[in-house]
Amino acid sequence: MVEEVISRLPGTQLYETEHFLFTSNMPPQEVAPYVRYLDAMYDWMCELYGVPKGTRVWLGDKAPVFA
């Protein structure tokens with residue numbers, strides 16, 4: 001799905017973190033704050049729900065995020 005979005009929206013780029021695929025056509029300097037906190041949010045959610053850190057919880061290994 002990420003490849004399809006990139007092909008249909010000019011200027012869209014993929015930013016990959018440990019647990020997320022963040023796809024956006026926002027300027028790179030505006031993307032940085034979002035990407036920086038995604039994995040921290042994953043760690044917080046694991047703690048909140050009692051899931052051991054490092055557990056793969058999404059199908060396909062990483063959660064897609066589109067902005």
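Going by the structure above, here's the rest.
Residues numbered from 1 in each chain as written. Predicted model: local features only at pLDDT ≥ 70, side-chain atom pairs only at ≥ 80, totals over all residues. Heavy atoms only, no water.

## Concerning the pattern of salt bridges
Definition in use: For this analysis, a salt bridge means a side-chain nitrogen from Lys or Arg found within 4 Å of a carboxyl oxygen belonging to Asp or Glu. Numbered from the N terminus, helices here are DSSP runs of H or I no shorter than four residues, and strands are runs of E no shorter than two. Note on classification: 1.4 Å probe, protein chains only; a residue is buried when its accessible area is under 20% of the maximum for its type, exposed when over 50%, partly exposed between these limits.
All chains considered together, the criterion is met by 3 salt bridges. A salt bridge links Arg8 to Glu4, with the shortest nitrogen-to-oxygen separation between them at 3.1 Å. Here the residue Arg8 and the residue Glu4 both occupy positions in helix H1 (residues 2-8), the gap between them amounting to 4 residues, near one helical turn. When the shortest N-O distance is used, the salt bridge between Lys62 and Glu16 registers 2.6 Å. In this pair, Lys62 is assigned in the loop between helix H2 (28-49) and strand E3 (63-66) and Glu16 in strand E1 (residues 13-16), connecting sequence segments 46 residues apart. Taking relative accessible area as the criterion, Glu16 reaches 51% and is therefore assigned exposed.

## Considerations on the pairing of strand E2 (residues 20-24)
Cut-off, in case you're wondering: At least two DSSP bridges between two strands are required for those strands to pair.
Along E2, 5 of the 5 residues are buried, which leaves the element largely enclosed by surrounding structure. Residue alternation in E2 divides its side chains into two sets, Phe20, Phe22 and Ser24 and Leu21 and Thr23, and both sets are buried. Alignment of E1 against E2, held across 4 bridges, turns out to be antiparallel. Across the sheet, residue Gln13 finds its bridge partner in E2, namely Ser24.

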